[in-house]
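The residues making up each chain are set out below.
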Amino acid sequence: MAETAQQLSTQHLLGIKDLTTEDIHLILETASTFKDVINRPIKKVPSLRDITIANVFFENSTRTRLSFELAEKRLSADVINFAASSSSVSKGETLIDTVNNILAMKVDMIVMRHPYPGAGVFLSKHVNAQIINAGDGAHEHPTQALLDAFSISEQYGDVAGKKVAIIGDILHSRVALSNILCLQKLGAEVLVCGPTTLIPKYIASLGVKIEHDLLKALRWCDVANMLRIQLERQDINYFPSLREYSMLYGLNKTILESLDKKITIMHPGPINRGVEITSDVADSKHSIILDQVQNGVAVRMAVLYLLAGKRI
Amino acid sequence: MDKILIKSATLAFPGHEKDGQMIDVLIYRGVVDTIGDKNTLNDEEAVIIDAHGHYLAPGFFDLNANLGEPGLETKETIMSGCGAAAAGGFTGLAMQPNTEPALHSRGEIAMVVNIAKDNLVSLHPVGAISKERSGNDLAELYDMKLAGAIAFSNGNKSIQQAGLMSRALLYCKGFNALVMSYAEDASIANHAKMNEGVVSTYLGMKGNPSLAEELMVARDLSLASYHETAIHFSTISTKGSVSLIREAKKKGIAVTCDVAAHHLVLTDQEVAGFDSNYKVSPPLRTADDVHALKEGLLDGTIDAVVSQHTPHEVEFKRVEFEIAKNGMIGLQTVLPLLLKAELPISLIVQKIAISPRKILNLPMPAFNVGAAANLVLFNPKESWTFDERTNHSKSNNSPFYGTTLTGRVSLVINNNKVYSNLN
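Residues numbered from 1 in each chain as written. Chains lettered and ligands numbered in written order. Predicted model: local features only at pLDDT ≥ 70, side-chain atom pairs only at ≥ 80, totals over all residues. Heavy atoms only, no water.

Visitor: Sorry if this is basic, but what is going on with the overall build of chain A here?
Guide: On a plain count of helices and strands, chain A comes out with 12 helices and 9 strands. The C-alpha atoms of chain A give 19 Å as radius of gyration, which agrees with the globular expectation for 312 residues (20 Å, within 12%). Buried residues in chain A amount to 59% of all 312 residues. Put simply, of all contacts in chain A between residues at least 6 apart along the chain, 75% involve residues at least 24 apart. Just so you have it, chain A exposes about 12,800 Å², and 50% of that area is on carbon and sulfur atoms. (Helix = DSSP H or I, 4+ residues; strand = E, 2+ residues; numbered from the N terminus. Rg over C-alpha atoms; globule rule 2.2 N^0.38 Å. Buried < 20%, exposed > 50% of the residue type's maximum accessible area, 1.4 Å probe, protein only. Contact = heavy atoms within 4.5 Å. Areas by Shrake-Rupley, 256 points an atom, 1.4 Å probe, with all protein chains shown as cover.)

As structure tokens, then:
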């Protein structure tokens with residue numbers, strides 16, 4: 001890794017909203033270097049030796065937690081994992097106490113997934129550690145947005161000027177918000193598409209286009225990012241059935257082939273096959289879903305590496 | 001302090017012949033003894049207060065305070081709450097039934113009345129409309145009224161069943177009791193923790209729309225109109241509520257309403273840092289709403305301003321915004337916030353001393369020789385820091401805690417008792 005004078009403007013990664021455009025470019029450039037690293041026979045570098053990172057997950061996650069853990073291990077950090085259901089924590093020990101107990105064991109960085117929006121921001125104000133937000137409620141999921149931007153620029157050479165449609169459950173999605181903010185900072189145009197009940201009333205204030213017709217959204221875009229229906233975050237019924245959702249917003253081969261251009265299909269995973277996307281689309285050459293997963297490790301390595309350079 | 005001589009205070013008693021003039025007044029054993037023009041009275045035995053720059057007004061009255069007793073004494077006791085009230089210039093409080101158990105029967109009402117009976121602050125419990133504030137059936141409202149309940153509300157749990165609210169209004173009409181409505185349709189609010197708007201969208205937070213409040217205001221106005229009875233709305237917060245109530249007043253519906261002081265100076269922008277001290281219910285709204293609320297105060301649509309004093313231990317606030325409890329302490333910050341909102345002093349006195357008592361049909365403090373002194377002396381220009389030395393509440397959950405506020409209460413007299421905060 002070439003020595004560079006460039007540094008992030010922030011100590012934590014709480015959300016895309018705290019990053020400057022320069023920060024984002026720096027992360028993406030660094031990720032590109034790390035992507036080369038992880039494709040070499042020896043995938044490990046010593047950059048974070050002697051740094052201990054705790055992955056603290058208050059909500060289920062497979063891919064994000066594995067991705068962070070791999071990124072940490074490939075940077076030679078020491079890693080510990082903590083998982084708890086949010087319900088047991090909200091009844092007992094407070095978030096600050098839980099994290100301070102982990103920090104007392106000489107941990108340097110906290111990667112946290114939490115069901116409540118702003119949990120990372122809150123934590124960063126009350127504990128003495130660097131915080132990396134691995135998803136907080138429907139607020140932000142910054143590393144997902146960064147890896148999505150990385151994947152788009154890999155496809156097209158640049159994110160600027162691209163048209164990206166984010167399709168699905170926008171209301172309950174942290175991926176949507178972080179993606180909107182990140183893509184806009186990089187100069188892309190963003191459209192959101194989904195059932196009227198799953199689009200926040202004031203979403204236009206973020207400067208995005210709104211479309212409720214899947215076909216029109218697909219015709220407009222270069223990239224379609226298909227979001228998962230977050231049934232676990234829906235306390236009431238926002239639409240009658242998955243069947244009906246799929247009829248309106250499910251992406252299948254027939255629709256895709258009716259377009260007069262090739263678009264790129266993304267999905268943050270996990271996929272509900274047959275709901276928002278059919279298997280033949282998910283597994284087609286249009287889809288870069290597995291590239292996204294690989295890029296996730298490189299982007300998280302970049303974030304951890306750059307933040308480690310900001311340690312006090 | 002048997003004898004107190006206040007010299008050169010500006011009188012702020014709406015309707016009084018000397019309103020707006022500088023006066024001297026001698027108070028002897030809790031009674032207005034002598035009133036004179038400025039700098040004319042002398043008394044060698046009296047404690048003399050130079051009140052230049054100070055206003056002398058009727059003691060403030062708060063229609064919406066939560067005092068935590070019974071059951072929540074670690075948040076606030078009746079005595080600590082009354083202490084905070086006096087320090088904020090209040091000589092009377094309507095205590096909301098958000099206690100555990102709720103103030104839902106003669107027993108709780110009598111207990112509150114009894115604990116507070118010798119206090120400087122005249123405390124009036126508000127009885128719960130339904131048992132446990134469950135919103136299912138009527139509590140024994142008449143019995144509570146006999147025990148001292150000044151009005152009835154369901155506290156911070158809005159009554160969702162129109163039928164129950166309808167019966168509460170009609171039943172209370174039978175013995176001239178006022179029903180206070182906290183308006184929020186739970187199925188629309190949907191457990192959201194902040195106002196729905198541009199800010200909630202940017203924060204990825206579910207929004208509690210103005211609609212949730214306005215639907216309930218509209219419903220309860222229809223009920224009050226149908227039963228030809230009075231209704232009071234507590235802590236309205238939206239532009240739409242102001243206009244619904246303005247129209248209802250024009251139509252002759254006997255409606256009154258209040259707004260919490262913090263809703264006049266804070267907006268949902270404050271939530272951007274996820275500081276739970278800004279988590280209140282109803283949620284902080286937009287600048288547009290704040291503007292409409294102020295207009296409502298000026299044109300008389302909104303009758304009163306309240307503290308909505310809601311104490312919580314730090315354990316309930318130093319947590320993620322989502323699970324933090326709603327509310328902030330407010331008894332000591334009402335006056336500074338209204339001054340910060342740039343409301344004229346005559347209007348402030350109207351909204352926090354005169355109107356609240358009118359709404360509850362309580363006697364108005366009089367300012368004439370021989371009258372029991374029910375007074376507050378304050379300096380609207382003097383600054384003070386709200387911190388552990390000045391806070392009288394058992395809790396400190398306020399975004400203003402640790403800040404410097406302008407508008408300081410120096411002296412409060414009521415029930416032949418004196419609270420002094422003189423320099």
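Visitor: How do you make sense of the state of the cysteines when you look at a structure like this?
Guide: Put plainly, two cysteines are in a disulfide when a covalent bond ties their sulfur atoms together. In this structure the tally under the stated criterion is 0 disulfides over all chains. Cysteine Cys172(B) is unpaired, with the sulfur of Cys257(B) as its nearest cysteine sulfur at 19 Å. (Disulfide = S-S within 2.5 Å.)

Visitor: Explain the layout of surface pockets here, please?
Guide: One water molecule sets the probe size; rolling that probe over the atoms shows where empty space is left. Approximately 970 Å³ is the volume attributed to the second largest pocket. Along its surface, the second largest pocket is lined by 45 residues, and Leu171(A), His172(A), Tyr238(A), Lys206(B) and Gly207(B) are the ones closest to its centre. Contributions of two or more residues to the lining of the second largest pocket are made by helix H7 (174–185) of chain A together with helix H5 (186–189) and helix H6 (198–203) of chain B. Among the residues making up the lining of the second largest pocket, the classes are represented as 22 nonpolar, 14 polar and 9 charged. (1 Å grid on protein atoms, 1.4 Å probe; cavity = no way out; pocket = protein on both sides within 12 Å on 5 of 7 lines; lining within 4 Å. Points joined across faces, edges and corners; volume = space filled by probe spheres on them. Nonpolar A, V, L, I, M, F, W, Y, C, P; charged D, E, K, R; others polar.)

Visitor: Which parts of the structure should I look at to understand helix H11 (residues 345–359) of chain B?
Guide: Owing to its 3.6 residues per turn, the α-helix aligns residues three or four sequence positions apart on the same side. All names here are of chain B. Between its terminal C-alpha atoms H11 stretches 20 Å, which fits the 21 Å expected from 15 residues at 1.5 Å a residue. Lys 351 marks the point of greatest bend in H11, at about 35°. With respect to burial, H11 is a largely interior element, 12 of its 15 residues being buried. Burial in H11 covers these residues: Ile 345, Leu 347, Ile 348, Val 349, Lys 351, Ile 352, Ala 353, Ile 354, Ser 355, Pro 356, Arg 357 and Ile 359. (Expected span 1.5 Å × (residues − 1). Bend = angle between axes of the 7 residues up to and from the residue.)

Visitor: Can you help me understand the packing of aromatic side chains in this one?
Guide: How two aromatic rings sit relative to each other is given by the distance of their centres and the angle of their planes. A full pass over the atoms with the stated rule returns 12 aromatic pairs over all chains. Taking 5.2 Å as the distance between ring centres and 35° as the angle between the ring planes, the aromatic pair formed by Phe239(A) and Tyr245(A) counts as tilted. In this structure Tyr245(A) comes out as buried when scored by relative accessible area, which is 2%. Consider the rings of Tyr171(B) and Phe175(B), whose centres lie 5.4 Å apart with planes at 85°: the pair is edge-to-face. One aromatic cluster is present, formed by Tyr55(B), Phe60(B), Phe90(B) and Phe378(B) through successive ring pairs. (Phe/Tyr/Trp six-rings, centres within 6.5 Å; stacked < 30°, edge-to-face > 60°.)

Visitor: Quick question: what am I supposed to make of the sheet that holds strand S3 (residues 109–114) of chain A here?
Guide: Sheets are built from strands that pair by backbone hydrogen bonding, the pairs being arranged parallel or antiparallel. Residue and element names in this part refer to chain A. Pairing is parallel in the open sheet, where 4 strands are placed in the order S2-S1-S3-S4. Of all strands in the sheet, those with a lone pairing partner are strand S2 (78–83) and strand S4 (130–136), marking the two edges. Averaged over all pairs of adjacent strands, the angle between strand axes in this sheet comes to 15°, irrespective of strand direction. Bridge count for S3 against S4 is 5 bridges, and the pairing is parallel. Paired with Met 109 across the strands is Gln 130, a residue of S4. (Pairing = 2+ DSSP bridges. Axes fitted to C-alpha atoms, helices over the stretch in contact; angles between N-to-C directions.)

Visitor: Sorry if this is basic, but what is going on with the interface of chain A and chain B here?
Guide: Reports often express the size of an interface as the amount of accessible area lost when the parts come together. Listed per partner, the contact involves 29 residues of chain A and 18 residues of chain B. Buried surface at the junction of chain A and chain B, both sides included, amounts to about 2,000 Å², of which 65% is carbon and sulfur. Connecting chain A to chain B are 0 salt bridges. At the level of elements, helix H4 (95–104), helix H5 (119–126) and H7 of chain A are the ones that each hand at least two residues to the side of chain A that touches chain B. Of all the elements, H5(A) adds the most residues to the side of chain A that touches chain B, at 5 residues. (Buried area = accessible area lost by both parts, 1.4 Å probe. Salt bridge = Lys/Arg side-chain N within 4 Å of Asp/Glu carboxyl O.)

Visitor: Even after reading the chapter, I still don't get the domain arrangement of chain B, so can you show me in this structure?
Guide: Residue and element names in this part refer to chain B. Splitting chain B by domain gives domain 1 (3–56 + 367–420) and domain 2 (60–359). If you look at the interface, domain 1 gives 33 residues, while domain 2 gives 45 residues. Summed over both partners, the interface of domain 1 with domain 2 comes to about 2,900 Å²; 66% of that surface belongs to carbon and sulfur atoms. Looking only at domain 1, the three residues that lose the most surface to domain 2 are Lys 394, Asn 397 and Phe 400, adding up to 23% of its buried area. Connecting domain 1 to domain 2 are 0 salt bridges. One can count 19 residue pairs in polar contact (both at pLDDT 80 or more) joining domain 1 with domain 2. When residues of the side of domain 1 that touches domain 2 are traced back to their parent elements, those giving at least two are strand S16 (375–385), strand S17 (404–414) and strand S18 (417–420). When residues in the side of domain 1 that touches domain 2 are grouped by element, the largest group, 8 residues, is from S17. Per-class residue counts for the side of domain 1 that touches domain 2 are 17 nonpolar, 13 polar and 3 charged. (Domains from an automatic or database assignment. Polar contact = N/O pair within 3.5 Å; in protein donor to acceptor, adjacent residues only side chain to side chain.)

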